[in-house]
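Architecture at a glance
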Amino acid sequence: CLIAPYPGSRLTSNAIARAGGLQQWRATAEELTDPEYRMWHWLKNPPPDFPVLVGYGSEDRFAKGMQQIADCFPTSARHILPGEHDWPVWQRLCAEFLDSNIMAAGLST
């Protein structure tokens, strides 16, 4: 359950953007010592059946980066609600996650 996941610093996002996007970016050995770069490296090819909900508010100040994270997963895993980077959005997303039965699906794989 990724609620308003932090997409990383500008250093990380700029390095990926300079490479032409996530699929063109190749992490260096030095970058892979950094947790942000390792996260993006994993997001390049997450398991296709990975049970996940990625949610955030459409007006969240980090929405652009969160959209990039969400785009790494199937459309059905993406939950974008009206709102900002605040508790009302996160509480609704948490309720959606609990109602989604994702955990039961993940346990059966």
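Residues numbered from 1 in each chain as written. Predicted model: local features only at pLDDT ≥ 70, side-chain atom pairs only at ≥ 80, totals over all residues. Heavy atoms only, no water.

1. Here we look at the layout of surface pockets
Volume-wise, the largest pocket comes out at about 410 Å³. In terms of lining residues, the largest pocket is bounded by 18 residues, among which P7, S13, K64, G65 and Q68 are the most central. Secondary-structure elements contributing two or more residues to the lining of the largest pocket are α1 (10–18) and α3 (63–70). Residue contributions to the lining of the largest pocket peak at six residues, all from α1. Within the lining of the largest pocket, the residues separate by chemical class into seven nonpolar, eight polar and three charged. (1 Å grid on protein atoms, 1.4 Å probe; cavity = no way out; pocket = protein on both sides within 12 Å on 5 of 7 lines; lining within 4 Å. Points joined across faces, edges and corners; volume = space filled by probe spheres on them. Helix = DSSP H or I, 4+ residues; strand = E, 2+ residues; numbered from the N terminus. Nonpolar A, V, L, I, M, F, W, Y, C, P; charged D, E, K, R; others polar.)

2. Focus: the environment of D60
Examined against the element boundaries, D60 turns out to sit in the loop between β2 (54–57) and α3. Classification of D60 by relative accessible area gives buried; the value is 5%. Measuring from C-alpha to C-alpha, the distance between D60 and G83 comes to 6.8 Å, with 23 residues separating the pair along the chain. Excluding residues within four positions of it along the chain, D60 makes contact with A4, M66, G83, E84 and H85. A distance of 2.8 Å separates a polar atom in the side chain of D60 from the backbone nitrogen of F62. (Buried < 20%, exposed > 50% of the residue type's maximum accessible area, 1.4 Å probe, protein only. Contact = heavy atoms within 4.5 Å. Polar contact = N/O pair within 3.5 Å; in protein donor to acceptor, adjacent residues only side chain to side chain.)

3. A few points about helix α2 (residues 35–43)
Listing the buried residues of α2 in full gives Y37, W40 and L43. What you see down the axis of α2 is that its buried residues fit within an arc of 120°, all on one side. Where α2 is buried, its residues contact α1 and α3. (Arc of directions from axis to C-beta.)

Limitation: the analysis is restricted to geometry and does not speak to function.
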